[in-house]
Structures are given as structure tokens and as C-alpha cells.
Amino acid sequence: MNTRQGVGVVTATLAIVAFMTFLNSGSPTPIVNWPIETYMGLTFTIGWLSGVPNWLAYVLAAVLLILIIVGFYKIGSWVYGLVAGKQ
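Quick caveat, the model's predicted, so the values are computed rather than measured. (Residues numbered from 1 in each chain as written. Predicted model: local features only at pLDDT ≥ 70, side-chain atom pairs only at ≥ 80, totals over all residues. Heavy atoms only, no water.)

**Q** I keep staring at helix H2 (residues 34–50) and nothing clicks. Help me out?
**A** One turn of the α-helix equals 3.6 residues, which is why residues spaced by three or four share an orientation. Its 17 residues give H2 an end-to-end C-alpha distance of 24 Å, which sits within 8% of 24 Å, the value for a rise of 1.5 Å per residue. When we look at burial in H2, the residues that qualify are Trp-34, Thr-38, Leu-42, Thr-43 and Ile-46. At the exit of H2 stands Gly-51, carrying a positive phi of roughly 75°. (Helix = DSSP H or I, 4+ residues; strand = E, 2+ residues; numbered from the N terminus. Expected span 1.5 Å × (residues − 1). Buried < 20%, exposed > 50% of the residue type's maximum accessible area, 1.4 Å probe, protein only.)

**Q** Whenever I open this one, helix H1 (residues 3–24) confuses me. Can you help?
**A** With 22 residues, H1 should reach 32 Å at 1.5 Å per residue; the first-to-last C-alpha distance of 31 Å fits that figure. Restricting attention to buried positions, one finds in H1 the residues Gly-8, Ala-12, Ala-15, Ile-16, Met-20 and Asn-24. The arc that holds every buried residue of H1, seen down its axis, measures 155°, which confines them to one face. With respect to the buried face of H1, the exposed residues turned more than 90 degrees away are Leu-14 and Phe-22. If you follow the buried residues of H1, they end up packed against H2 and helix H3 (54–84). (Arc of directions from axis to C-beta. Contact = heavy atoms within 4.5 Å.)

**Q** Mind showing me how you'd approach the side chain of Thr-43 here?
**A** As for its placement among the helices and strands, Thr-43 is situated in helix H2. Exposure remark for Thr-43: the relative accessible area of 7% places this residue in the buried category. Setting aside residues up to four positions removed in sequence, Thr-43 forms contacts with Ala-57, Tyr-58 and Ala-61.

**Q** Mind showing me how you'd approach a nonpolar patch on the surface here?
**A** On the surface, Phe-72, Ile-75, Trp-78, Val-79, Leu-82 and Val-83 cluster together to form a nonpolar patch covering roughly 590 Å² of accessible area. Relative to the elements of secondary structure, Trp-78 occurs in helix H3. (Patch = residues over 30% accessible without salt bridge, like charges linked within 9 Å, V, L, I, M, F, W, Y side chains within 5 Å. Areas by Shrake-Rupley, 256 points an atom, 1.4 Å probe, with all protein chains shown as cover. Salt bridge = Lys/Arg side-chain N within 4 Å of Asp/Glu carboxyl O.)

**Q** Just to check I follow, could you spell out the packing of aromatic side chains for this structure?
**A** Two measures describe an aromatic ring pair: the distance that separates the ring centres and the angle between the ring planes. Evaluation of the coordinates by the stated rule reveals two aromatic pairs. Between Tyr-39 and Tyr-58, the ring centres sit 6.1 Å apart and the planes meet at 45°, which makes this aromatic pair tilted. Placement of Tyr-39 in helix H2 and of Tyr-58 in helix H3 is noted, with a sequence separation of 19 residues between them. Centroid distance Phe-44 to Trp-48: 6.2 Å. Interplanar angle 5°. Geometry classified as stacked. Of this pair, Phe-44 and Trp-48 both sit in helix H2, four residues apart, which is roughly one turn of that helix. (Phe/Tyr/Trp six-rings, centres within 6.5 Å; stacked < 30°, edge-to-face > 60°.)

**Q** It is not clear to me how the side chain of Ser-77 should be interpreted in this structure. Could you clarify?
**A** One can find Ser-77 in helix H3. In this structure the side chain of Ser-77 is engaged in a polar contact, spanning 3.1 Å, whose partner is the backbone oxygen of Lys-74. Once residues within four sequence positions are removed from consideration, Ser-77 is found in contact with Arg-4 and Gly-8. (Polar contact = N/O pair within 3.5 Å; in protein donor to acceptor, adjacent residues only side chain to side chain.)

This is the structure we're talking about:
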């Protein structure tokens, strides 16, 4: 793994941790349970706001979390490329 990929992984990890912290900040849930609580909360929100079936809300929540991770990985590696001068 080169430095650009490492920076992308670190950025994606920090972004998903920040997202989990944002969604669970007022909850008494232990930190160990934050990932599943984030997924379930996102599923509930999607299902409640859009009225889609339960199975589709679970799929959309998983896709949204994957898109957040991939998007911030790309942003982190892109910013590192700009800072390091490598296109």
C-alpha cells in the first residue's frame, strides 16, 4: 500500500467514526455498540422518512454507509495527491 492509499484509509476511518459519533452523541449506548446502532438508526430513519419496505431500508442504509466510506477514501487520497503534488 502506498502513502496515498494509506491517507485514503485513514480519512475514511476518521469520517465513519465522526459519522457514528454524530449519530450516537446523546445516546447512553456503549462505544462498542456504536457501529450497529448507527446502522439501525440509519435504517429506521430511511424507512420512516421514505416509507419503503423494511428490507429495502436495510439495503439502502448499507449502501449509504459504503458510499460514505468510499467517498471519503477518494477525497482523502485526492487531497493527499494535491498536497504532495502528485496527480
